[in-house]
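Each chain is listed here by its residues.
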Protein chains: 2
Amino acid sequence: MRIKHHLPVALLSATAATFSINVQAEEPIQPIQPVKEINLALAELGKKLYFDPRLSKSGFISCNSCHNLSMGGTDNLKTSIGDKWQQGPINSPTVLNSSLNVAQFWDGRAADLKEQAGGPIANPGEMASSHTLAVDVIASIPGYVREFTLVFGGEEVSIDRITDAIAEFEKTLVTPNSRFDQWLLGDANAISQYEQEGYELFKSSGCVACHNGEAVGGNSFQKMGLVEPYQTNNEVEGRAAVTGKDADRFTFKVPTLRNVEMTYPYFHDGEAETLTEATDIMGRLQLGRKFSDDENAKIVAFLKTLTGDQPQFLMPILPPSVDATPRPQPFD
Amino acid sequence: MRIKHHLPVALLSATAATFSINVQAEEPIQPIQPVKEINLALAELGKKLYFDPRLSKSGFISCNSCHNLSMGGTDNLKTSIGDKWQQGPINSPTVLNSSLNVAQFWDGRAADLKEQAGGPIANPGEMASSHTLAVDVIASIPGYVREFTLVFGGEEVSIDRITDAIAEFEKTLVTPNSRFDQWLLGDANAISQYEQEGYELFKSSGCVACHNGEAVGGNSFQKMGLVEPYQTNNEVEGRAAVTGKDADRFTFKVPTLRNVEMTYPYFHDGEAETLTEATDIMGRLQLGRKFSDDENAKIVAFLKTLTGDQPQFLMPILPPSVDATPRPQPFD
Ligand code: HEC
Ligand code: HEC
Ligand code: HEC
Ligand code: HEC
Ligand SMILES: [Ca+2]
Ligand SMILES: [Ca+2]
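What you are looking at is a predicted structure, and each value in this text was computed from that prediction instead of being measured.

A. Up close: the relation of the copies chain B and chain A. Of the two same-sequence chains, chain B is brought onto chain A (RMSD 0.0 Å, axial shift 0.0 Å) by a rotation of 180 degrees. Taken together, these values place the two copies in the relation of a two-fold axis. Ranked by how close their C-alpha atoms come to the rotation axis, the residues of chain B are headed by B:Leu314, at 2.2 Å. Comparing interface residues between copies, 100% of those in chain B also lie at the interface in chain A; the contact surface is shared.

Listed below in structure tokens is the structure:
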């Protein structure tokens with residue numbers, strides 16, 4: 001099998017699940033760990049900024065517009081809607097568990113969440129503001145300035161502090177306690193026999209080679225269309241845009257499969273509408289294997305056990321603008 | 001003074017505030033009453049629907065897009081952004097305390113919240129869906145069907161039930177406990193001497209004739225530009241669109257002044273950016289009175305005491321679509 005050369009063989013040989021409480025050590029997927037070492041005041045400020053459409057030129061688009069925390073941290077659109085209803089180039093990945101990613105964006109061009117968060121604010125196709133304008137807006141709002149002073153010990157508002165706070169909030173967005181994790185942690189009844197058979201197939205057929213670890217993905221870059229090329233009209237070229245290497249064309253960060261039931265549609269172009277379709281394509285294109293309907297359904301059933309506890313928090317109340325706050329420019 | 005003929009004289013003669021605990025009985029403004037008789041499960045379902053962009057054609061716009069509960073129940077834009085970034089005709093009024101309104105919309109064309117809620121879903125300039133499509137979407141989602149069954153005792157999803165639920169949620173969106181209400185309820189120190197002077201001016205100059213009651217407005221239709229005509233490029237004609245009477249041209253539902261600090265910009269066309277400007281215009285156009293800077297500032301200070309406790313609730317988690325759910329159509 002040609003594919004094996006590309007895959008971490010150790011993972012493929014992971015032994016079948018047992019029901020002992022030590023099972024997790026032997027499994028290629030680990031339970032999501034609870035968040036630790038969160039600066040709560042910083043995260044609380046970051047939550048406000050994450051929900052604040054005043055970081056966009058129009059005053060209409062916030063991070064939550066495209067990474068809606070009511071909907072699995074995505075917009076559930078093929079490609080996103082940006083400033084002035086511009087059609088985005090790529091599917092919006094979930095922010096849930098994004099702190100576990102090896103890097104941010106489909107092509108990994110941002111090292112971490114803090115570096116990432118500066119991007120969309122100034123991206124003309126997304127929030128269409130600028131760092132200067134965003135800072136001016138936030139710095140004009142007394143309610144924010146007080147909170148910056150409390151959190152940072154000084155009233156200066158900078159893009160550095162804004163992205164720091166957003167990243168800290170995003171670190172809280174993990175989804176532990178999925179039924180699959182309960183099973184990993186020893187509750188043999190947390191998933192059904194059928195779902196467990198799906199997991200066995202997910203392991204034995206080789207999916208875990210790329211989708212593994214705490215986030216069931218997110219920790220490596222892999223070619224889309226390894227065995228058979230992927231057909232798409234989408235023009236994005238993947239990791240090659242970052243490395244400049246031709247070999248990295250059509251290589252993408254492997255998406256996390258945590259909460260994948262909620263993050264439809266699938267793939268970087270959003271062209272797969274259902275998990276059934278995505279699983280079928282993955283089998284054929286990445287593994288050279290055509291699953292039967294029954295096998296496919298089992299894998300999909302397993303994937304749905306990866307939906308964890310969604311972040312539960314109070315909707316933030318944003319401090320109001322004042323007379324001096326620069327006004328949104330939605331129509332010019 | 002010509003204006004007096006148009007005003008409920010009894011209100012204008014309200015006596016000056018005293019500090020007794022019985023003060024509220026004598027005042028033209030009453031404290032917001034806590035919500036009673038809420039069907040919690042119905043409101044919880046309504047909260048989900050209120051936040052669900054799948055009620056729109058694009059899958060991108062929810063009630064909360066234009067009535068953002070993080071921002072005083074408005075979008076803080078002059079006029080709203082609708083489907084495909086269409087520029088709306090009129091400023092989005094707050095949904096906070098809207099259950100206290102005599103009728104809904106600036107021109108009062110909907111009798112109540114339930115009747116109102118059907119409007120934006122099918123309005124091509126707002127959510128651009130249809131009642132049939134909205135019902136099909138919701139009815140396809142098992143998580144919703146279960147909740148409809150629980151709440152209504154039957155799994156049928158209809159626009160009637162959808163708007164019932166949204167209206168019940170909106171009934172919870174009252175904002176009691178403003179500093180002004182604390183003062184009305186007997187805490188003499190809840191507002192400053194300066195703010196109290198603003199309130200005295202608000203009463204003595206005649207604002208309370210139109211802005212009175214629990215919501216400090218919302219309970220009558222009045223001409224905009226009673227003494228002096230209002231100049232605007234906005235083409236909306238007001239209540240005449242409902243009654244067909246020429247005399248009702250430029251008559252609007254008097255907006256609530258509760259949380260008015262958060263509901264900028266002001267007036268049906270959103271042309272007044274600040275409370276200072278709105279107060280100046282109201283004085284001149286409705287009362288034929290030009291306030292000094294000091295008087296204006298006092299009234300504005302009083303208006304800011306009307307910001308109440310904002311609704312605090314957990315961000316809803318929406319049940320995911322399934323394979324059969326009609327997909328959003330953002331770009332066609
Ligand atoms: C207009 C839509 C839109 C807005 C607004 C937006 N994003 Fe994104 N976001 C995207 C898209 C699309 C991508 C994928 C881009 C790519 O990979 O090239 C993305 C990628 C990300 C990622 C990387 C996730 C991963 O797994 O690689 C994070 C984290 C993120 N966004 C957070 C934010 C934050 C924080 C904000 C606000 C400051 C924000 N986004 C605003 C659409 C949006
Ligand atoms: C060789 C690496 C590799 C293997 C093996 C692999 N995947 Fe993937 N998977 C990827 C990459 C890369 C993507 C992103 C592709 C894209 O978006 O263009 C992806 C995307 C997905 C998605 C869509 C996730 C999303 O949010 O868009 C699903 C579902 C998925 N894989 C399931 C599977 C299943 C099931 C298997 C086994 C049958 C499998 N994968 C095998 C690398 C792999
Ligand atoms: C695209 C923006 C937009 C969307 C989406 C939207 N609204 Fe509105 N809403 C408005 C505007 C603008 C008005 C004023 C229209 C008028 O008076 O003619 C309004 C009026 C209202 C009013 C009347 C308030 C008052 O004081 O008269 C209520 C209540 C309301 N909307 C609730 C909702 C609900 C519930 C939804 C979702 C089902 C919703 N809105 C969706 C923009 C929007
Ligand atoms: C004769 C009735 C009347 C009187 C008297 C009156 N108002 Fe108004 N007020 C209205 C109407 C009607 C509107 C809505 C006008 C529009 O949007 O075109 C309004 C709007 C406002 C607004 C903007 C609210 C918003 O959310 O857009 C403020 C602030 C306000 N009034 C304050 C005052 C003050 C202060 C006074 C006294 C100086 C006053 N009003 C006197 C009827 C009145
Ligand atoms: Ca997706
Ligand atoms: Ca307004």
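B. Quick look at the side chain of B:Asn296. By the secondary structure assignment, B:Asn296 is in helix H13 (residues 293-304). Setting aside residues no more than four positions away along its own chain, B:Asn296 makes contact with B:Thr276, B:Thr279, B:Asp280 and B:Phe291.

C. Fine view of the coordination of the calcium ion (ligand 6). Residue and element names in this part refer to chain B. In the first shell of the calcium ion (ligand 6), the protein supplies Asn 91 (OD1), Thr 263 (O) and Pro 265 (O), at 2.4 to 2.5 Å from the metal. Each donor residue of the calcium ion (ligand 6) lies on the same chain, and together they follow the pattern N-x171-T-x1-P. Of this pair, Asn 91 sits in the loop between strand E2 (86-87) and helix H5 (113-122) while Pro 265 sits in the loop between strand E4 (251-253) and helix H12 (275-287), and the two are 174 residues apart along the sequence. The exposure classification of Asn 91 matches that of Pro 265, with both residues buried.

D. How the structure looks around the UniProt feature "binding site: heme c 2" (unreviewed entry) in chain A. Residues and elements named next belong to chain A. This chain's UniProt record puts "binding site: heme c 2" (unreviewed entry) on Cys 207, Cys 210, His 211 and Met 282. Despite a sequence span of 76 residues, these residues sit close together in the fold, their greatest C-alpha distance being 11.3 Å. Owing to a relative accessible area of 14%, Cys 210 belongs among the buried residues under this scheme. Examined against the element boundaries, Met 282 turns out to sit in helix H12 (residues 275-287). By relative accessible area, Met 282 is classed as partly exposed at 23%.

E. View of the domain arrangement of chain A. All names here are of chain A. Taken domain by domain, chain A comprises domain 1 (2-30 + 180-304) and domain 2 (40-171). Inter-centroid distance (C-alpha atoms) of domain 1 to domain 2 is 28 Å. Taken together, the contact between domain 1 and domain 2 spans 28 residues of the former and 24 residues of the latter. A buried area of about 2000 Å², summed over both sides, lies between domain 1 and domain 2, and 59% of it is on carbon and sulfur atoms. Counting the surface domain 1 buries against domain 2, the share from its top three residues, Lys 253, Met 262 and His 268, is 23%. Inspection of the domain 1/domain 2 interface yields 1 salt bridge. For the interface between domain 1 and domain 2, the tally reads 10 residue pairs in polar contact (both at pLDDT 80 or more). If you list the elements that add at least two residues to the side of domain 1 that touches domain 2, you get helix H11 (240-243) and strand E4 (251-253). Taken together, the residues of the side of domain 1 that touches domain 2 break down into 11 nonpolar, 10 polar and 7 charged.

Definitions and cut-offs
Sequence order sets the numbering: in each chain, residues are counted from 1 along the sequence as written. Chains carry letters from A onward and ligands carry numbers from 1 onward, assigned in written order. Two thresholds apply to this predicted model, a pLDDT of at least 70 for residue-level local features and 80 or more for giving and counting side-chain atom pairs, whereas whole-chain, interface and lining totals are computed over all residues. To get the side-chain values, take all heavy atoms of the structure and skip hydrogens and water. All copies are superposed by least squares; the fitting set is the C-alpha atoms of residues with a pLDDT of at least 70 in both. The criterion used for residue contact is that any of the two residues' heavy atoms lie within 4.5 Å. Counting from the N terminus, the helices are the DSSP runs of H or I reaching at least four residues and the strands are the DSSP runs of E reaching at least two. Only N, O and S atoms count as donors, using a 2.8 Å limit from the metal and a wider 3.2 Å limit for Na, K and Ca, and since water is excluded some coordination spheres may look unfilled. Partly exposed residues are those whose accessible area sits between 20% and 50% of the maximum for their type, while under 20% is buried and over 50% is exposed, using a 1.4 Å probe and protein chains only. UniProt positions are given in the numbering used here, feature names are shortened, and annotations may be inferred rather than shown by experiment. Note that the domain bounds reflect an automated or database-derived domain assignment. Put simply, buried area is how much 1.4 Å-probe accessible surface two parts lose in total, over both of them, once they are put together. By salt bridge we mean one thing: a side-chain nitrogen of Lys or Arg within 4 Å of a carboxyl oxygen of Asp or Glu. Under the rule applied, a polar contact is a pair of N or O atoms within 3.5 Å (in protein, one hydrogen donor and one hydrogen acceptor; residues adjacent in sequence only if both atoms are side-chain atoms). Classes in brief: Ala, Val, Leu, Ile, Met, Phe, Trp, Tyr, Cys and Pro nonpolar; Asp, Glu, Lys and Arg charged; the others, Gly included, polar.

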